[in-house]
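# Coordinate analysis (summary)
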Amino acid sequence: MLRAVLKLCCGITYPHLRSMAGLQRAGLRRAALAAFGQEITHLQSRGQMVLPAWIPLRWTEKTEPVEQRTAALADEDVFYLKQGEAALIEALKIVESEDGWKLEMAEKNGDVIYSKVLTGNRKVFRLEAELNASPEELHDILFFRIEEIHEWNPSIKRIKVLKHVGRNTMVTHEVSVEMAGNLIGQRDFLNVRYSSKSESRVYFGGAATWMESLPPQPGFVRAEDGPTCIILQPLQDRPDRSRFIWLLNMDIRGWLPQSLVNKALPQAQVDFTKHLRRRLATQHPENKS
Ligand SMILES: CC(C)CCC[C@@H](C)[C@H]1CC[C@H]2[C@@H]3CC=C4C[C@@H](O)CC[C@]4(C)[C@H]3CC[C@]12C
């Protein structure tokens, strides 16, 4: 039973989402979400929700218990909040797993990308880089100012926040531009995004989600993010710089050769990081790196 519930909590990937699409009738869906939320809350309150030991739980320590945090929220908001938290937990599990990683790319500037094939044959990518900004600055640029990302990142056409749940959870709609010399057409994404802080680290979690007011759009291929995360950690000797770890876990959908997709995804990470560095250099023009 516990196993099944944990699978449900963390399995924000396809089977769960597909069945959500099947539950589109609002009433049914709401009932399912409410039951799902109650089950987690119940398990957490009984201390049965087994979380891996390395996951810092301080973000829940600082805030009130889940029941109080969610008491004033609508079912839908509770769903997004829990989905965001679960995405982060699941993505951290992937990123911190020790086996199966293979070096995919090592850039001259020290950035590295590892890849790993998950069960179900999904290839995920883990980029590790050092950035010239503190975790707080990156939290601001990448999370609170998410709608401005397209201004400095040409791979993204636009990002819109469709819903906020408190300060740390939101539902976003992203539209990418054509990639790989136009071989990969525009994609759109609908994600829940969640952020949490633990001491000096900042975490972002995200996963594909569903929203009645934004079903897949005609003319767009809706890509699906599996649980993904970003970890920002200050360097020990230079707290104004951060170690940036980004798990890209994405099904870009459409009819594309897997070999093309597996090249485009790490390249998208390299490009994103390049543009992020340029953006940071405009903030601190005196110490470019
Ligand atoms: C290969 C093709 C189809 C996809 C390329 C576009 C990719 C690189 C784009 C599309 C949407 C983008 C994401 C949109 C929003 C966020 C949230 C932010 O807090 C960190 C960056 C992050 C996670 C972006 C990373 C880059 C991203 C994943």
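An unreviewed UniProt entry annotates the protein as START domain-containing protein 1 originating from Sinocyclocheilus rhinocerous. Among the UniProt annotations of the protein, the heading Catalytic activity (unreviewed entry) holds the following wording: "cholesterol(in) = cholesterol(out)". Regarding the protein, the UniProt comment filed under Pathway (unreviewed entry) reads as follows: "Steroid metabolism; cholesterol metabolism."

Quick look at the site of the ligand now. Taken together, 20 residues are adjacent to the ligand, and L142, E174, S176, I252 and A268 come closest. The set of elements that each furnish at least two residues to the shell around the ligand consists of α7 (135-144), β4 (156-165), β5 (169-176), β6 (187-198) and α9 (258-283). Counting residues per element, the shell around the ligand draws most heavily on α9, at four residues. By residue class, the composition of the shell around the ligand is 16 nonpolar, two polar and two charged.

So, on to the nonpolar core. Residues A87, L88, A91, C229, I230, L247 and L248 are the most contacted members of the largest nonpolar core, which totals 48 residues. Every element with two or more residues in this core is listed here: α6 (75-96), β3 (123-131), β5, β6, β7 (201-208), β10 (228-234), β11 (242-248) and α9. If one sorts the elements of this core by residue count, α6 sits on top with eleven residues. Split by domain, the residues of this core number at least three in each of domain 1 (2-96) and domain 2 (102-287).

Here the focus is unusual backbone geometry. Even without being glycine, N182 reaches a positive phi, approximately 70°. Within the fold, N182 resides in the loop between β5 and β6. The phi dihedral of R253 is positive, around 60°, even though this residue is not glycine. Checked against the element boundaries, R253 lands in the loop between β12 (250-251) and α9.

Our next topic: the domain arrangement of the protein. When cut into domains, the protein gives domain 1 (2-96) and domain 2 (102-287). With 24 residues of domain 1 at the contact, the number on the domain 2 side is 28 residues. Only α2 (14-22), α4 (58-62) and α6 provide two or more residues apiece to the side of domain 1 that touches domain 2. Ranked by the residues each element gives to the side of domain 1 that touches domain 2, the list is headed by α6, at 13 residues. Residues of the side of domain 1 that touches domain 2, tallied by class, amount to 17 nonpolar, three polar and four charged.

This part is about the pairing of β6. Most of β6 is tucked away, with nine of its twelve residues classed as buried. Of the strand pairs in this sheet, β5 and β6 are connected by seven bridges, and their pairing is antiparallel. Paired with T169 across the strands is Y194, a residue of β6. Two strands pair when backbone bridges link them, and β6 and strand β8 (residues 221-222) are joined in this way by two bridges, in the parallel orientation.

Rules of the game
- Residues numbered from 1 in each chain as written.
- Predicted model: local features only at pLDDT ≥ 70, side-chain atom pairs only at ≥ 80, totals over all residues.
- UniProt positions renumbered as here; feature names shortened; annotations may be inferred.
- Near = placed C-beta within 6 Å.
- Helix = DSSP H or I, 4+ residues; strand = E, 2+ residues; numbered from the N terminus.
- Nonpolar A, V, L, I, M, F, W, Y, C, P; charged D, E, K, R; others polar.
- Core = buried A, V, L, I, M, F, W, Y, C linked by C-beta atoms within 7 Å.
- Buried ≥ 20, exposed ≤ 12 C-beta atoms within 10 Å, placed from the backbone.
- Domains from an automatic or database assignment.
- Contact = placed C-beta atoms within 7 Å.
- Pairing = 2+ DSSP bridges.

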